[in-house]
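Structural features, examined
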Amino acid sequence: TTTEEKEVAFPTGNYWLKTTTHTVRNSMNEIIGVQFISQDISEKKELDRLVLNTIIDIEEKERMKFAQELHDGLGPLISAIKMYIQWLSRPDAKISQGEILSDIERLINDASQTIREISFNLSPHILNNFGLHEALKTFAEKIELSHKMDVEIANTFTERIDITTETVLYRILCE
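Residues numbered from 1 in each chain as written. Predicted model: local features only at pLDDT ≥ 70, side-chain atom pairs only at ≥ 80, totals over all residues. Heavy atoms only, no water.

Quick word on the overall build of the protein
Regarding its fold elements, the protein presents five helices and three strands. The linear arrangement of helices and strands in the protein, starting from the amino end, is β-β-β-α-α-α-α-α. On C-alpha atoms alone, the protein measures out to a radius of gyration of 29 Å, which is more than a quarter above the 16 Å that the 2.2 N^0.38 rule sets for 175 residues. Each principal axis of the C-alpha atoms in the protein carries an extent, and together these give about 100 × 40 × 35 Å. Classification of the 175 residues of the protein by burial places 19% in the buried group. (Helix = DSSP H or I, 4+ residues; strand = E, 2+ residues; numbered from the N terminus. Rg over C-alpha atoms; globule rule 2.2 N^0.38 Å. Buried < 20%, exposed > 50% of the residue type's maximum accessible area, 1.4 Å probe, protein only.)

Here's the deal with the pairing of strand E1 (residues 2-10)
Regular strands place their side chains on alternate faces of the sheet. Pairing analysis gives nine bridges linking E1 to strand E2 (residues 13-25), with the strands arranged antiparallel. Its bridge partner being in E2, Val8 is matched across the sheet by Tyr15. The turn joining E1 and E2, which pair antiparallel and follow one another in sequence, is formed by two residues. (Pairing = 2+ DSSP bridges.)

Quick look at the nonpolar core
Nonpolar side chains in soluble globular proteins tend to end up buried together. Grouped together as the largest cluster of nonpolar side chains are nine residues: Leu74, Leu77, Ala80, Ile81, Tyr84, Ile100, Ile104, Leu107 and Ala111. The biggest single contributor to this core is helix H1 (residues 42-88), with five residues. By size, the runner-up hydrophobic cluster in this structure holds eight residues, among which are Phe120, Ile126, Leu132 and Leu136. (Core = buried A, V, L, I, M, F, W, Y, C linked by side-chain atoms within 4.5 Å.)

Points about the packing of aromatic side chains
Here the structure, examined in full by the defined rule, presents three aromatic pairs. When the ring of Phe139 is compared with that of Tyr170, the centres are 6.3 Å apart and the planes differ by 75°; the resulting orientation is edge-to-face. Here the residue Phe139 occupies a position in helix H4 (residues 132-145), and Tyr170 occupies one in helix H5 (residues 163-174), the gap between them amounting to 31 residues. A residue is classified by how much of its surface remains accessible, and Tyr170, at 2% relative accessible area, is buried. Directly above the aromatic system of Trp16 lies the positively charged group of Lys45, at a separation of 4.6 Å from the ring centroid. (Phe/Tyr/Trp six-rings, centres within 6.5 Å; stacked < 30°, edge-to-face > 60°. Lys NZ or Arg CZ within 6 Å of the ring centre and 35° of its normal.)

Concerning unusual backbone geometry
Where the residue is not glycine, phi is negative for most of them; where a peptide bond is considered, it is trans in most cases. At Asn29, a position not held by glycine, the phi torsion is positive, near 65°. One can find Asn29 in the loop between E2 and strand E3 (31-40).

With respect to the pattern of salt bridges
This model, assessed by the stated rule, comprises eight salt bridges. Across the salt bridge formed by Arg49 and Glu46, the nearest N and O atoms sit 2.4 Å from each other. Taken together, the positions of Arg49 and Glu46, both in helix H1 and three residues apart, correspond to about one turn of that helix. One salt bridge in this structure joins Glu166 and Arg160, with 2.6 Å as the shortest N-O distance. Judged by its relative accessible area of 2%, Glu166 is buried. Residue Arg160 is classed as partly exposed on the basis of its relative accessible area of 43%. (Salt bridge = Lys/Arg side-chain N within 4 Å of Asp/Glu carboxyl O.)

Comments concerning the side chain of Arg171
By secondary structure assignment, the location of Arg171 is in helix H5. Summary of buried charges: Arg171 has no salt-bridge partner, and the nearest side chain of opposite charge, Glu62, is 4.2 Å away. Sequence-distant contacts of Arg171, defined by excluding residues within four places in its chain, comprise Ile58, Glu62, Asn121, Leu122, Ser123 and Pro124. (Lys, Arg positive; Asp, Glu negative; His and termini not counted. Contact = heavy atoms within 4.5 Å.)

A few points about the packing of H4 against H5
Look at H4 against H5: their axes get within 10 Å of each other, and the N-to-C directions meet at 20°. Relative to H5, the element H4 lies roughly parallel. For the element pair H4 and H5, the recorded crossing hand is right-handed. For the pair H4 and H5, the contacting residues are Leu132, Ala135, Leu136 and Phe139 in the first and Glu166, Leu169, Tyr170, Leu173 and Cys174 in the second. For the contact of H4 with H5, the per-class residue count stands at eight nonpolar, no polar and one charged. (Axes fitted to C-alpha atoms, helices over the stretch in contact; angles between N-to-C directions. Parallel < 35°, antiparallel > 145°, perpendicular 65-115°, else oblique. Left-handed = near helix turned anticlockwise from the far one by under 90°. Nonpolar A, V, L, I, M, F, W, Y, C, P; charged D, E, K, R; others polar.)

Encoded structure:
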């Protein structure tokens, strides 16, 4: 038995066919024929293409979001830290070193918090440890904290699904 998927051109257009070939044998195990079964799988191939494009689109949006968070979240904090450190090296600075060091410490704490938030957005440990339902509840709580909307999470799953599916669903729902 062999199976082959191939795009075939017909006068009415191109179609994807899945062809399975079986040898037919008699009672003495002699080959007496070959059976070919072809099935139109064009819709399945189109659906596969749409799913793949959607996944790629979501991944690209996530990358752009990550880049934006790094640029807008960490960029200004690191620039401010650099500026304060440059002030420390100037003998004519009009601000006390204690104030500068205090501001640097605050900025480093802010940068650390920003890194934790970005890290959670990239791979929420709750998703891996507790599953999709708990990760979505935590995400919904963050949305509600912004006071922009109320979110209710309803779950009909009785067991966890595989982590890859949970991750894809989480990314789609968060988007």
